[in-house]
Amino acid sequence: MEEVRLGVIGCGNMATGHMKYFDQVPRLKFTAAADVNKASLDKVVENHQVKGFERGEDMIASGLCDAILIATPHYSHPTFAQLAIQNDLHVLVEKPIAVTVRAADEMNAVAATRPKLVYAAMFNQRTSDTYNEARRLIQEGELGEIQRVRWTITDWFRSQAYYNSGSWRATWAGEGGGVLLNQCPHNLDLLIWITGKPTLVQAFISLGKYHRIEVEDEVTAYLEYENGATGVFITTTGEAPGANELEIAGDRGRMVVRDGKITVQQTAVSVKEFCHTSTDMFKRPEVEVKEIEVPKGGIGGHQGITVNFIEAILDGKPLIAPAHEGIHSVELANAMILSGIRKKPVSLPVDRDEYEALMAELIESARQRGKTVRNA
């Protein structure tokens, strides 16, 4: 194979954004698109001169594609991914890979039956030079053992007009959640990618606090890790100007990632060791402040993930964002929603049956109200 024939399922804002850079991705040939919205589909067909399908299933079975990019509403991601894999097509799926961790389990299980197929997720933030450097520093022990994590990610502001732009948006039945399932999969993925997966979550969430929606638009979550480290994750779509600051404290100092910059305050010795050996009641360990120079990588963002996907298919290059890892951010989001609504701590792994029951309950409650909160 000298090029990859790519079909896209979904022709909305996210997908059309991807299509703008397709001609800049070597060895990618955009051949087909599918969408139930005929007007959106016709526009893509006309602009890109591809074959159009009103059903994703028909595009998958058409023989016109070697791989697909799934950019549909969340619930259909596993459905199309599994069907594509069963038809021997490579898959690149938008975030989140699924709405519930059980659906992600099933999706990953199908992918595991065809290990030669490339199965990737659109976690474009993994191409960030800054987050890659932060991860390297943690993995190489620059801060020693992690003790505390805080991510304040409140610059996801969205207006009511955003939520009104699609009937599926910000509904339990259409989207499966709010800021955690739509905006924050990137941050949850990075949090786990950099610091590891928590073992317990206690979350406090607000449903429609700032918007006329039925799902969460504000979250404050407390996290516990296996080694005893703790964390706080704060996010909302109702705050402006907001902030994006990741702080990681360890036994050898503290790191802050903000505005594309990394600042490290590194102690000369282990804080734990100093605490138990110093004879001075008020003295602190000596600290060196470092402004970390972030190495510049190659192509980043969505285009970088797509380039990597094509290179993985044609050259066997390792994936930046394997889709099977997408289950971790889904599970953490599920844990936060379950904890926030049930008002209790939730251990990971999440009880699949309990979360499925909660989602059914939320969807039925919204259905009985007859219409979503924002239209009330």
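Calculation notes
Residues numbered from 1 in each chain as written. Predicted model: local features only at pLDDT ≥ 70, side-chain atom pairs only at ≥ 80, totals over all residues. Heavy atoms only, no water. Pairing = 2+ DSSP bridges. Helix = DSSP H or I, 4+ residues; strand = E, 2+ residues; numbered from the N terminus. Axes fitted to C-alpha atoms, helices over the stretch in contact; angles between N-to-C directions. Contact = heavy atoms within 4.5 Å. Parallel < 35°, antiparallel > 145°, perpendicular 65-115°, else oblique. Nonpolar A, V, L, I, M, F, W, Y, C, P; charged D, E, K, R; others polar. Core = buried A, V, L, I, M, F, W, Y, C linked by side-chain atoms within 4.5 Å. Buried < 20%, exposed > 50% of the residue type's maximum accessible area, 1.4 Å probe, protein only. Salt bridge = Lys/Arg side-chain N within 4 Å of Asp/Glu carboxyl O. pLDDT = per-residue confidence, 0-100. Polar contact = N/O pair within 3.5 Å; in protein donor to acceptor, adjacent residues only side chain to side chain. Phe/Tyr/Trp six-rings, centres within 6.5 Å; stacked < 30°, edge-to-face > 60°. Lys NZ or Arg CZ within 6 Å of the ring centre and 35° of its normal.

With that settled, consider the sheet that holds strand S3 (residues 51-53). Here 6 strands make up an open sheet; going across it, the order is S3-S2-S1-S4-S5-S6 and the pairing parallel. Whereas interior strands pair on both sides, the edge strands pair on one side only; in this sheet they are S3 and strand S6 (119-121). On average, each strand axis in the sheet is inclined to that of its neighbour by 25°, with strand direction left out of account. Strand direction decides the pairing type here: strand S1 (residues 4-9) and strand S4 (residues 67-70), joined by 4 bridges, are parallel. Of the residues in S4, the one forming a bridge with Val8 is Leu69. Along the sheet, helix H2 (residues 38-48) makes contact with strand S2 (28-34) and S3, crossing S2 at roughly 155°.

Packing of helix H4 (residues 77-86) against helix H5 (residues 101-112) leaves a shortest axis separation of 9 Å and a crossing angle of 10°. In terms of their interaxial angle, H4 and H5 are classed as roughly parallel. For the pair H4 and H5, the contacting residues are His77, Pro78, Ala81, Gln82, Ile85 and Gln86 in the first and Ala103, Glu106, Met107, Val110 and Ala111 in the second. Residues that form the contact of H4 with H5 fall into these classes: 7 nonpolar, 3 polar and 1 charged.

Time to look at the nonpolar core. Core analysis: the largest hydrophobic core is formed by 61 residues, its most contacted members being Phe22, Phe30, Ile68, Val91 and Phe309. Ranked by the residues each element gives to this core, the list is headed by helix H10 (residues 301-315), at 7 residues. Those residues in contact with Ile68 that lie beyond four places of it in its chain are Leu6, Gly7, Ile9, Met59, Ile60, Phe80, Ala84, Leu89, His90, Val91, Leu92 and Phe309. Counting 56 residues, the second-largest nonpolar core is a separate cluster that includes Leu191, Ile213, Ala229 and Leu348.

Taken as a whole and judged by the stated rule, the model has 27 salt bridges. Across the pair Lys38 and Asp42 runs a salt bridge whose closest N-O atoms are separated by 2.8 Å. Here the residue Lys38 and the residue Asp42 both occupy positions in helix H2, the gap between them amounting to 4 residues, near one helical turn. Owing to a relative accessible area of 47%, Lys38 belongs among the partly exposed residues under this scheme. Taking relative accessible area as the criterion, Asp42 reaches 35% and is therefore assigned partly exposed.

For the rest of this paragraph, the subject is the confidence of the model for the protein chain. Looking at the protein chain, the pLDDT average stands at 96 and 98% of residues meet or exceed 70. Counted against residues more than four places away or in other chains, residues 372-376, with its pLDDT under 50, gives 17 contacts.

Tracing the backbone through its elements, the reader meets Arg150 in strand S7 (residues 146-153). Side chain to side chain, Arg150 and Thr152 meet in a polar contact 2.9 Å long. If we skip the residues at most four places from it in the chain, Arg150 touches Val232, Glu245, Leu246 and Glu247.

So, about the packing of aromatic side chains. A complete count under the given rule lists 4 aromatic pairs for this structure. Ring geometry for Phe22 and Phe30: centres 5.1 Å apart, planes at 75°, overall edge-to-face. Taken as a pair, Phe22 and Phe30 share a single burial class, namely buried. Over the ring of Phe53 we find Lys51; its NZ or CZ atom is 5.9 Å from the centre of that ring.

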